[in-house]
There are 2 protein chains.
Amino acid sequence: MARKDVIDGKRNEEGIASVLPLLKQRFGERFQTGQSFREQHSHTTTYLPSQLPDGVVFVENSEDVREVVRLCAEHRVPIVPFGTGSSLEGQVNAPFGGISVDFSRMNKILSVNAEDLDCTVEPGVTREDLNTYLRDTGLFFPIDPGANASLGGMTATRASGTNAVRYGTMKDNVLALTVVTADGEEIRTAHRARKSSAGYDLTRLFVGSEGTLGVITSVTLRLQGIPAKISGGVCAFPTLEDACNAVIMTIQMGIPVARIELLDEMQIRACNAYSKLSYAEQPTLFVEFHGTEETVALQAAQFGEIAAEFGGGPFAYTANAEERNQLWKARHNAYWASRALAPELAALSTDVCVPISRLAECVAATQADIQENGFLAPIVGHAGDGNFHVLLLFNDKDAADVERAEAFLERLNGRALAMEGTCTGEHGIGQGKIGYLRQELGSALPAMRAIKAGLDPHDIFNPGKIFRL
Amino acid sequence: MARKDVIDGKRNEEGIASVLPLLKQRFGERFQTGQSFREQHSHTTTYLPSQLPDGVVFVENSEDVREVVRLCAEHRVPIVPFGTGSSLEGQVNAPFGGISVDFSRMNKILSVNAEDLDCTVEPGVTREDLNTYLRDTGLFFPIDPGANASLGGMTATRASGTNAVRYGTMKDNVLALTVVTADGEEIRTAHRARKSSAGYDLTRLFVGSEGTLGVITSVTLRLQGIPAKISGGVCAFPTLEDACNAVIMTIQMGIPVARIELLDEMQIRACNAYSKLSYAEQPTLFVEFHGTEETVALQAAQFGEIAAEFGGGPFAYTANAEERNQLWKARHNAYWASRALAPELAALSTDVCVPISRLAECVAATQADIQENGFLAPIVGHAGDGNFHVLLLFNDKDAADVERAEAFLERLNGRALAMEGTCTGEHGIGQGKIGYLRQELGSALPAMRAIKAGLDPHDIFNPGKIFRL
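Residues numbered from 1 in each chain as written. Chains lettered and ligands numbered in written order. Predicted model: local features only at pLDDT ≥ 70, side-chain atom pairs only at ≥ 80, totals over all residues. Heavy atoms only, no water.

Peer 1: Outline the interface of chain A and chain B, supporting the account with residue identities and numerical values.
Peer 2: Facing 70 residues of chain A, the contacting portion of chain B comprises 70 residues. Both faces considered, chain A and chain B share a buried interface measuring about 5700 Å² in area, 59% of it formed by carbon and sulfur atoms. Our count for the contact surface shared by chain A and chain B stands at six salt bridges. Lys195(B) is the salt-bridge partner of Glu426(A), the closest N and O atoms lying 3.0 Å from each other. The tally of links between chain A and chain B comes to 37 residue pairs in polar contact (both at pLDDT 80 or more). Elements supplying a minimum of two residues to the side of chain A that touches chain B: helix H7 (170-173), strand S9 (186-188), helix H8 (202-206), helix H9 (240-252), helix H16 (434-441) and helix H17 (445-455) of chain A. Residue contributions to the side of chain A that touches chain B peak at seven residues, all from H17(A). When the residues that make up the side of chain A that touches chain B are grouped by side-chain class, the tally is 27 nonpolar, 25 polar and 18 charged. (Contact = heavy atoms within 4.5 Å. Buried area = accessible area lost by both parts, 1.4 Å probe. Salt bridge = Lys/Arg side-chain N within 4 Å of Asp/Glu carboxyl O. Polar contact = N/O pair within 3.5 Å; in protein donor to acceptor, adjacent residues only side chain to side chain. Helix = DSSP H or I, 4+ residues; strand = E, 2+ residues; numbered from the N terminus. Nonpolar A, V, L, I, M, F, W, Y, C, P; charged D, E, K, R; others polar.)

Structure follows, in structure tokens:
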């Protein structure tokens, strides 16, 4: 289980002691070693205990990153990239100490090629910043993990979110990267052509590598035209299986939903309370369609028929932007709504993903598990991808409760893996899922370790994440 | 240029001499060392000279592959995987000798999960075989590189083709692989979930690695529902720029064309002669739409308007399956039609890909280059991706003509790279583009070599391809 895979590493005290004054000398006020900076840079929305870096450097450009990497490489000191701190599996912890590299000042949008539907940004640009910037171009960047994450962090975690069902994940939307590698040089993984067969796909190797292979210094992204028409709605179902079965049929029929989000009864109750709404406390789908006036209406009608077939509905459908925003705001606040169910408890946000045909079975079994054990644990999911989240509220000060939570995670992941699924659809492995990755892809770990050793021979890039060396 | 990057390697004569009798002993009649087998397995549609393997083993299952790899690894003998031999850049040549592994007998469709829109196949299954098998399920596998290539080969080359503009390339359509690595063990890169953030994206690292990192033993593919309605048509334009500009606007407006293929005047002339057709000898787009009755008609109308804006048309549009098949048959025969322009000459099929906004400029400059130099060299392109091919006919027995061909290639690739494009959209690097990959992604070559060294420490997997070690 999770916690036992968190490595409490052996620190290279000598290297760290040598590098701190060098960084101070080079970066002055942009290098901070105060407790509050260090705490802030290891604290995330994870349930895992914080492990503090020894200092935080605020980089402003690629040359800064190269210098940090060169100094840290020379002294064998870990480097932990930090975007906005919204990762969920301990990705920004520093189990071996070392230097947190904060990208909040590397937040320039370097170019927008509207004609080619692409742009290049520094890693600290957040997805909301980018979309604000793009507004006048008629384009948008679709990937939406909920949090206003940085695009560098989203790349590193292979993030996705509510509209991956239509637009794919970061792996489908990153065209090219520049990355500083262990020798302190910056490499480019690709240029701007839509497709290429030129050599190894380093772009997709770095996407999802969680900072363990190099430090991303720019991201070239695909953009989408803002749809002429967006509409959406809410549809309640008698049971969770019915809701899942409606999702499965929607996907199998090839209806190009832009979002199709599942919220179980407990999640609806939490959202009602938190966002002052009055949805029926039933398993519910939040749906969105992108297209033209005609196609959106057609898709909504088709979805309404499917919903009715599984006892759902009426499908309350709206093309009113304000109503839609309210809907998605409630969805985006699901995490905080759930935490408000029991503010005194710790929250463990986890995700698994299964083939769509197994979704109903996996979600229903998980809900039964939650009920049997009396957990407070709402379920919310990017159901169109077969991906769902459980936010388990537990008392992290009570060893027995921690043990019960860990046993639940073990069962949840075991269930997903038995269905040919994955232990994480979008949160990544970080520290929390090292054991589950081993269960899922154990045969491939030697290959992953060989790649890590080839690109990061001294294990300076985010050590202690994804797997044990 | 191409030929100077073809490595004529130092053979490990001792290892090869040791391994041949062991393979004979193990595989009997399934291991062949006769000249004709060896020639057939190095001969492809490439213009590069053949380099023969020392023997050919016909594998029938994953255990066979593991044994071949173990024997070859032990004796440091190269392994060159062979699908159908339709690669274009010398991928199946054996510059260091060694063993060709023929997958034609590993052609079982292992499973089809219609509910999840996926299937798993052995690498020797061809795309046409798969689609024939799928016909009754209402599903199809969309990637269509023209040749009836094997799915293992298409994976290894990161192939795409006519409808990548709608459905993506192999990188977007391979969900998971099993691969035999250098230690002779089989690894699994992923399971069947639609998305995952679990560890390094080994799937996409092996897609496009051209057999240099391991031997693929099964491929799990995404499938698509057969569209309710397919329609297509042909539209001639006054100039090549006009045709390209119509493509650019079609893509920028987000019209979801399923295919949009550019043929220049010379290609049309070749197709007319070869396929007994009578298209106007003008730059022409072949277009296809997938959807419902309504959406297909809408898209065709939108495209017709764009075409007219650039002086094209009339857009001859048909939903008649027979007419459509004739159209695409002519397109698929473009290679043979071009060769028939001068059957006595050698043919060099090359491809580059640029950002869509630069397509008109790149194609027009290339056509001008062809005309200035008096080449027989039709242009045909997957224009919606910014990807186009030149089939240069030249006399490979005449050193001056070879030199002129090589200089043309140099200019073509230089042009694409200067436009932030790539030296290959879909053919891969093989031997022919080693020098251009260096120009395109030189800074990333150390990282690629580190990965190669990590996964294939003794360089037994398809050595002499993609880059020089």
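Next comes the rest of the description.
Peer 1: Describe unusual backbone geometry, naming the residues involved and giving the relevant values.
Peer 2: Residues and elements named next belong to chain A. In this model, Gly313 is joined to Pro314 through a cis peptide bond whose omega is 5 degrees. Structurally, Pro314 can be placed in the loop between helix H11 (293-309) and strand S15 (316-318). The backbone of Lys276 sits at a positive phi, close to 50 degrees, despite the residue not being glycine. Mapped onto the secondary structure, Lys276 falls in the loop between helix H10 (265-275) and strand S14 (284-291). According to the relative accessible area criterion, Lys276 is exposed, its value standing at 69%. Backbone geometry at Ile466 places phi at a positive 70 degrees, although glycine is not the residue there. (Buried < 20%, exposed > 50% of the residue type's maximum accessible area, 1.4 Å probe, protein only.)

Peer 1: Before we move on, could you go through the pattern of salt bridges and cite the residues and values that matter?
Peer 2: All names here are of chain A. With the rule as written, the count across this model stands at 66 salt bridges over all chains. With its nearest N and O atoms 3.1 Å apart, the salt bridge here joins Glu63 to Arg66. Here Glu63 and its partner Arg66 are both found in helix H3 (residues 62-75), three residues apart, which amounts to about one turn of the helix. Residue classification places Arg66 among the partly exposed residues on the basis of a relative accessible area of 21%.

Peer 1: I'd like to hear about the packing of aromatic side chains, residue by residue, with values.
Peer 2: Counting across every chain of the model gives 22 aromatic pairs over all chains. With a centroid separation of 6.4 Å and an interplanar angle of 80 degrees, the aromatic rings of Phe289(A) and Phe315(A) are classed as edge-to-face. Placement of the pair is Phe289(A) in strand S14 and Phe315(A) in the loop between H11 and S15, with a sequence separation of 26 residues. For the pair formed by Phe289(A) and Phe315(A), the shared burial category is buried. Note on Phe375(B) and Phe408(B): the rings are 5.4 Å apart at their centroids and 65 degrees apart in plane angle, and the pair reads as edge-to-face. (Phe/Tyr/Trp six-rings, centres within 6.5 Å; stacked < 30°, edge-to-face > 60°.)

Peer 1: So what's going on with the relation of the copies chain A and chain B? Residues and values would help.
Peer 2: Of the transformation placing chain A onto chain B, the axial shift is 0.0 Å and the rotation is 180 degrees, giving an RMSD of 0.0 Å. When the rotation and shift are considered jointly, the pair of chain copies conforms to a two-fold rotation axis. Looking at chain A, 100% of its interface residues are interface residues in chain B too, so the copies touch through the same face. (Least-squares fit on C-alpha atoms with pLDDT ≥ 70 in both.)

Peer 1: I'd love a proper account of the packing of H9(A) against helix H14 (residues 359-372) of chain A, names of residues and values included.
Peer 2: Residues and elements named next belong to chain A. Running from amino to carboxyl end, H9 crosses H14 at an angle of 155 degrees, the nearest separation of the two axes being 8 Å. Taken together, the axes of H9 and H14 lie roughly antiparallel to each other. Handedness of the H9/H14 crossing: right-handed. For the pair H9 and H14, contact is made by Leu240, Glu241, Cys244, Asn245, Val247 and Ile248 and by Leu359, Ala360, Val363, Ala364 and Gln367, respectively. In the contact of H9 with H14, the residues fall into eight nonpolar, two polar and one charged. (Axes fitted to C-alpha atoms, helices over the stretch in contact; angles between N-to-C directions. Parallel < 35°, antiparallel > 145°, perpendicular 65-115°, else oblique. Left-handed = near helix turned anticlockwise from the far one by under 90°.)

Peer 1: Could you give me a rundown of the sheet that holds strand S17 (residues 379-382) of chain A, with the residues and numbers involved?
Peer 2: Two orientations exist for strands paired in a sheet by backbone hydrogen bonds: parallel and antiparallel. Residue and element names in this part refer to chain A. With antiparallel pairing, the seven strands of this open sheet are ordered in space as S15-S12-S14-S13-S17-S18-S16. Each having just a single partner strand, S15 and strand S16 (346-353) make up the two edges of the open sheet. Within this sheet the neighbouring strands show an average axis-to-axis angle of 15 degrees, counted without direction. For strand S12 (residues 229-236) and S15, the ladder comprises three bridges, and the chain directions are antiparallel. Residue pairing in the sheet places Gly232 in a bridge with Thr318 of S15. Lying on the sheet, H10 is in contact with strand S13 (259-263), S14 and S17; it crosses S13 at an angle near 95 degrees. (Pairing = 2+ DSSP bridges.)

Peer 1: For helix H9 (residues 240-252) of chain B, give the residues involved together with the corresponding values.
Peer 2: Residues and elements named next belong to chain B. Given a rise of 1.5 Å per residue, 13 residues ought to cover 18 Å, and the 18 Å separating the end C-alpha atoms of H9 matches this to within 8%. When H9 is considered as a whole, its buried residues turn out to be Leu240, Asp242, Ala243, Cys244, Ala246, Val247, Ile248, Thr250 and Ile251. On the buried face of H9, the contacting elements are helix H6 (164-167), strand S13 (259-263), strand S14 (284-291), helix H11 (293-309) and helix H14 (359-372). Gly254 sits one or two positions beyond H9 and adopts a positive phi of about 75 degrees. (Expected span 1.5 Å × (residues − 1).)

Peer 1: An account of the domain arrangement of chain A is requested, with residue identities and associated values reported.
Peer 2: Residues and elements named next belong to chain A. The assigned domain composition of chain A is domain 1 (3-104 + 450-455), domain 2 (109-225), domain 3 (229-332) and domain 4 (337-428). The gap between the C-alpha centroids of domain 1 and domain 4 is 30 Å. Contacts between the two partners involve five residues from domain 1 and, on the opposite side, 11 residues from domain 4. Buried surface at the junction of domain 1 and domain 4, both sides included, amounts to about 710 Å², of which 51% is carbon and sulfur. Scanning the region where domain 1 abuts domain 4 turns up zero salt bridges. Across the side of domain 1 that touches domain 4, the residue classes break down as two nonpolar, one polar and two charged. (Domains from an automatic or database assignment.)

Peer 1: Please give an account of the sheet that holds strand S10 (residues 215-222) of chain A that cites residues and values.
Peer 2: Residues and elements named next belong to chain A. Here five strands make up an open sheet; going across it, the order is S5-S6-S10-S8-S9 and the pairing antiparallel. Single-partner strands in this sheet number two, and they are strand S5 (109-113) and S9. Pairwise comparison of adjacent strand axes, ignoring direction, gives a mean angle of 15 degrees for this sheet. Strand direction decides the pairing type here: S5 and strand S6 (residues 118-121), joined by four bridges, are antiparallel. Within S6, the residue paired with Val112 across the bridge is Cys119. Across the face of the sheet, H3 comes into contact with strand S8 (174-180), S9 and S10 while running at roughly 140 degrees to S10.

Peer 1: Tell me what's going on with the side chain of Thr181(A), and back it up with residues and numbers.
Peer 2: Residue and element names in this part refer to chain A. Tracing the backbone through its elements, the reader meets Thr181 in the loop between S8 and S9. Overall, Thr181 belongs to the buried group, its relative accessible area being 8%. Within the local environment of Thr181, its side chain forms a polar contact with the side chain of Asp183, the two groups lying 2.8 Å apart. Residues within four places of Thr181 in sequence aside, it is in contact with Val69, Ile187 and Phe461.

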